[in-house]
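Read off the chains here:
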Amino acid sequence: AITLLHSLTILGAGLPLLQDYPDWVYQSQLLKRYLLGGAVPEPYALKAYPVPNSLTALGLALLSTVLPWWIAARLFLVLSAVFVYCAFIAFVAALKRQRAIWLLAAFPTMFLFGVLYWYGNANYIVGLGVSILTAAIHLRGRLAGWTAVALTVFAFFTHGLHYLFV
């Protein structure tokens, strides 16, 4: 119910009032232009090396190749919120407390409706989900080898601040 309410709020808003929203939407459209063979206008440039905190631009650029940018941007926010809730449910299930899963699933709400979310840090929200999912996989005894490497690389491209809370 909380995820649905959150999703309807984002999808129904005329313009989601997120501080960094216009910046990462614009950056993603520049990246989309480049991915489709266009040039990146001055004074912008693409880095020749991996850049942390760049997941939102890449995800939104890819999503906006099949959807209009305004729909893709909102859908990315909704998918980010759903991802955090699903990761937290996996975490609670890994703790073997099945009866409390739906009650405890409300915990991520304080992050989704917190200051970092409304500042527009979509990377932070996805990174929080990655951290919670990593903890769930670790609790199940399956965090080894390439799984650990893949989740660490994925986390690199999200916001690093989420590690303070998990």
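*Asks:* Is there a simple way to think about helix α3 (residues 55-63) in this case?
*Replies:* Those residues of α3 lying buried are Leu55, Thr56, Ala57, Leu60, Ala61 and Leu63. For α3, the elements touching its buried residues are α2 (21-35), α4 (69-94), α8 (122-139) and α9 (145-156).

*Asks:* In this structure, what is going on with the side chain of threonine 56? I would like to understand it.
*Replies:* Turning to its location among the elements, threonine 56 is positioned in helix α3. A residue is classified by how much of its surface remains accessible, and threonine 56, at 2% relative accessible area, is buried. Beyond its immediate sequence surroundings of up to four residues, threonine 56 is in contact with Trp24, Phe76, Ala122 and Asn123.

*Asks:* Looking at this structure, I do not really get α2. What am I missing?
*Replies:* Every α-helix carries 3.6 residues per turn, so stepping three or four residues along brings you back to the same face. A rise of 1.5 Å per residue sets the reference length of α2, with its 15 residues, at 21 Å; its end C-alpha atoms lie 21 Å apart and thus fit the reference within 8%. In the core, the buried residues of α2 are packed alongside α3, α4 and α8. Residue glycine 37 follows α2 closely and has a positive phi angle near 100 degrees.

*Asks:* Explanation requested: the nonpolar core in the structure shown.
*Replies:* In a soluble, globular protein the nonpolar side chains are often hidden away together inside. Membership of the largest hydrophobic core comes to 16 residues, with the highest contact counts inside it found for Tyr21, Trp24, Val25, Leu60 and Ala73. Contributions of two or more residues to this core are made by α2, α3, α4, α8 and α9. Those residues in contact with valine 25 that sit more than four places away from it in its chain are Leu60, Trp69 and Ala73. Core analysis: the second largest hydrophobic core is formed by eight residues, Phe88, Tyr124, Ile125 and Ile132 among them.

*Asks:* Can you walk me through the packing of aromatic side chains in this structure?
*Replies:* Between two aromatic rings, the relevant description is the distance of the centres plus the angle of the planes. Under the criterion given, the structure shown has five aromatic pairs. Ring geometry for tryptophan 24 and phenylalanine 76: centres 6.2 Å apart, planes at 55 degrees, overall tilted. Here tryptophan 24, found in helix α2, pairs with phenylalanine 76, found in helix α4; they are 52 residues apart in sequence, far enough to count as distant. You'll find tryptophan 24 and phenylalanine 76 in the same group, each marked buried.

*Asks:* Help me understand the environment of valine 25, please; the structure alone is not making it clear to me.
*Replies:* Its location among the elements puts valine 25 in helix α2. Overall, valine 25 belongs to the buried group, its relative accessible area being 6%. Separated by 36 residues in the primary sequence, valine 25 and alanine 61 place their C-alpha atoms 8.4 Å from one another.

*Asks:* Would you take a moment to explain the environment of glutamine 27 for this structure?
*Replies:* In this structure, glutamine 27 sits in helix α2. Each C-alpha atom of the pair glutamine 27 and alanine 57 lies 6.1 Å from the other, and the pair is 30 residues apart in sequence.

*Asks:* I tried to follow the packing of α2 against α3 on my own but got confused; where do I start?
*Replies:* A packed helix pair is summarised by two numbers, namely the angle formed by the two axes and the spacing between the axes. Between α2 and α3, whose axes approach to 8 Å, the crossing angle comes to 60 degrees. Between α2 and α3, the angle is such that the two are oblique. Here α2 and α3 pass one another in a crossing that is right-handed. Residue-level contacts link Trp24, Val25, Ser28, Leu31, Lys32 and Leu35 of α2 to Thr56, Ala57, Leu58, Leu60, Ala61 and Leu62 of α3. The class makeup of the residues in the contact of α2 with α3 is nine nonpolar, two polar and one charged.

Rules behind the numbers
- Residues numbered from 1 in each chain as written.
- Predicted model: local features only at pLDDT ≥ 70, side-chain atom pairs only at ≥ 80, totals over all residues.
- Heavy atoms only, no water.
- Buried < 20%, exposed > 50% of the residue type's maximum accessible area, 1.4 Å probe, protein only.
- Helix = DSSP H or I, 4+ residues; strand = E, 2+ residues; numbered from the N terminus.
- Contact = heavy atoms within 4.5 Å.
- Expected span 1.5 Å × (residues − 1).
- Core = buried A, V, L, I, M, F, W, Y, C linked by side-chain atoms within 4.5 Å.
- Phe/Tyr/Trp six-rings, centres within 6.5 Å; stacked < 30°, edge-to-face > 60°.
- Axes fitted to C-alpha atoms, helices over the stretch in contact; angles between N-to-C directions.
- Parallel < 35°, antiparallel > 145°, perpendicular 65-115°, else oblique.
- Left-handed = near helix turned anticlockwise from the far one by under 90°.
- Nonpolar A, V, L, I, M, F, W, Y, C, P; charged D, E, K, R; others polar.

The quantities given are spatial measurements derived from coordinates; they are silent on function.
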